[in-house]
Amino acid sequence: MPVRALVVDPSAPAAVRRAEVPDPVPGPGQVLVDVSHASLNHGDLNDARSGRVPVGAVLGSDAAGVVVQAAADGTGPAVGTRVVALTSGAFAERVAIDVGALAEVPKGLDLAQAVALPVAGVAALRSLRAAGLGPGKRVLITGASGGVGRFAVQLAARAGAHVIASVGSTARGEGPARSGADEVLIGLEGLQRPVDVVIDSVGGPQLVAAWNLLAPGGSLQSVGWTSGESAVLPPYATVGPSKSLTSFVIEGDAGPDLAVLAELAAEGSLAVEIGWQGSWDRFAEAADALRGRRVPGKAVLRLTRGE
């Protein structure tokens, strides 16, 4: 029996339309999940228009729901387990998911909150880890009111870093301040002392400015490019004491890191802020709000049978 999904269609609003796709058939190391919630990321919007996801293919990366068929090889969670996953083709009512790509959702954590964790939470956790996060380090997080930014602020603060959150407006600074940022800036105005780590999701001129603020031995992790603007380095900007600018992408099984994040969220040590939530029928509305930077935190889609 076919299932409903959101598929790529460049001619449709937000380049996505509702369609029916074949019921997925799980492989030996996969479970079948009835998806109740999905989370929307800037990367999904880019995937819908860039050609990286073929026309007609199911979009999405973040899914949460309940296992309805266990893996044939005996690995992974049992039927009835609530899970959250980072998987391709997440925007469908039923998805076959590799057991290494998912984690069990602890009791006390809503699926709507859990589904905000995969792309944004894993990107924040892994980019900070790759940058060499440690106690006392000065960490600059751009786009700090967005999904990746809010998680990065909290995780860096938990590690004992001095956290500097960069946001686009005064109103958008309230969330990072509550999340543990030591300083909240509009753009990079007033920041003069060097920083050891930059987690940048804005790109463009702000990435260039952040690079110039990076201390010798420091690391800038480029995890996103929401500005859509070019970054032009002036002559000799890359000549001098050693420091690094690293492109970032989530690779390998996300399950173990998802389990860590879900546990932190369940115990209240990692706050999940949902700035937009509604039916997946309102995908175009959610996409417009996310693209227009009107979503503090995450945008969550609700999938419900029988609509």
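An account of the accompanying structure is given in this report. Because the structure is a prediction, the values reported are computed rather than measured.

1. Focus: the pattern of salt bridges
No. 1: Counting across every chain of the model gives 13 salt bridges.
No. 2: Measuring nitrogen to oxygen at the nearest pair gives 2.9 Å for the salt bridge that ties Arg4 to Glu93. Here Arg4, found in strand S1 (residues 3–8), pairs with Glu93, found in the loop between strand S5 (82–86) and strand S6 (94–98); they are 89 residues apart in sequence, far enough to count as distant. Across the pair, Glu93 and Arg4 agree in class, each one buried.

2. What about the side chain of Gln154?
No. 1: Structurally, the position occupied by Gln154 is in helix H4 (residues 147–158).
No. 2: Among all residues touching Gln154, those that are not within four sequence positions of it are Ser179, Ser269, Leu270 and Ala271.

3. A word on the nonpolar core
No. 1: By size, the foremost hydrophobic cluster in this structure holds 46 residues, and its most contacted members are Leu117, Ile141 and Leu155.
No. 2: No other element matches helix H3 (residues 118–131), which puts eight residues into this core.
No. 3: With sequence-adjacent residues up to four places away left out, Leu155 is seen in contact with Ala124, Leu125, Leu128, Leu133, Leu261, Leu264 and Leu270.
No. 4: Counting 42 residues, the second largest nonpolar core, distinct from the first, contains Ala14, Val16, Leu45 and Ala287.

4. Topic: the packing of H3 against helix H7 (residues 255–266)
No. 1: The N-to-C vectors of H3 and H7 enclose an angle of 105°; their axes lie 10 Å apart at closest approach. With respect to H7, the element H3 is oriented roughly perpendicular. Contact residues: H3 offers Pro118, Gly121, Val122, Leu125, Arg126 and Arg129, while H7 offers Asp257, Leu258 and Leu261.
No. 2: Its residues placed into classes, the contact of H3 with H7 shows five nonpolar, one polar and three charged.

Rules behind the numbers
Residues numbered from 1 in each chain as written. Predicted model: local features only at pLDDT ≥ 70, side-chain atom pairs only at ≥ 80, totals over all residues. Heavy atoms only, no water. Salt bridge = Lys/Arg side-chain N within 4 Å of Asp/Glu carboxyl O. Helix = DSSP H or I, 4+ residues; strand = E, 2+ residues; numbered from the N terminus. Buried < 20%, exposed > 50% of the residue type's maximum accessible area, 1.4 Å probe, protein only. Contact = heavy atoms within 4.5 Å. Core = buried A, V, L, I, M, F, W, Y, C linked by side-chain atoms within 4.5 Å. Axes fitted to C-alpha atoms, helices over the stretch in contact; angles between N-to-C directions. Parallel < 35°, antiparallel > 145°, perpendicular 65-115°, else oblique. Nonpolar A, V, L, I, M, F, W, Y, C, P; charged D, E, K, R; others polar.

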